[in-house]
Amino acid sequence: MEQLSARLLLTAGILLLIAGVIFAILQGWLYTDLLWAGAFGCLLAALNFRDSKNDGG
């Protein structure tokens, strides 16, 4: 179940990064910043799930 959560968070992070790039092209900088902040949060959460599995937790 944790592997599924990590994959979903990773997918969400990648999609948020792509959406941020689209808004950066359109020069919507506020939306770009918010999307990238959410993307990095999702990616860090996905890494946290993977690290907790390796730590035995």
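Scroll up for the structure.
What this report covers is the structure whose coordinates are included nearby.

Calculation notes
- Residues numbered from 1 in each chain as written.
- Predicted model: local features only at pLDDT ≥ 70, side-chain atom pairs only at ≥ 80, totals over all residues.
- Heavy atoms only, no water.
- Phe/Tyr/Trp six-rings, centres within 6.5 Å; stacked < 30°, edge-to-face > 60°.
- Buried < 20%, exposed > 50% of the residue type's maximum accessible area, 1.4 Å probe, protein only.
- Helix = DSSP H or I, 4+ residues; strand = E, 2+ residues; numbered from the N terminus.
- Polar contact = N/O pair within 3.5 Å; in protein donor to acceptor, adjacent residues only side chain to side chain.
- Contact = heavy atoms within 4.5 Å.
- Expected span 1.5 Å × (residues − 1).

**Observations regarding the packing of aromatic side chains**
- For the structure shown, the criterion picks out one aromatic pair.
- Here Phe 23 and Tyr 31 contribute two aromatic rings whose centre-to-centre distance is 5.5 Å and whose plane-to-plane angle is 45°, an arrangement assigned as tilted.
- Note on Phe 23: relative accessible area 33%, which makes it partly exposed.

**Topic: the side chain of Thr 32**
- Within the fold, Thr 32 resides in helix H2 (residues 29-54).
- Its relative accessible area of 0% is what places Thr 32 among the buried residues.
- Within the local environment of Thr 32, its side chain forms a polar contact with the backbone nitrogen of Ala 24, the two atoms lying 3.2 Å apart.
- Those residues in contact with Thr 32, other than ones at most four positions away along the chain, are Gly 20, Phe 23 and Ala 24.

**Let's talk about the environment of Leu 15**
- If you trace the backbone, Leu 15 turns up in helix H1 (residues 2-25).
- A residue is classified by how much of its surface remains accessible, and Leu 15, at 53% relative accessible area, is exposed.

**A closer look at H1**
- Counted at 1.5 Å a residue, the expected span for H1 with its 24 residues is 34 Å, and the 35 Å between its end C-alpha atoms agrees.
- Among the residues making up H1, those that are buried are Ala 6, Gly 13, Gly 20 and Ala 24.
- Trailing H1 by a residue or two, Gln 27 shows a phi angle of about 60°, which is positive.

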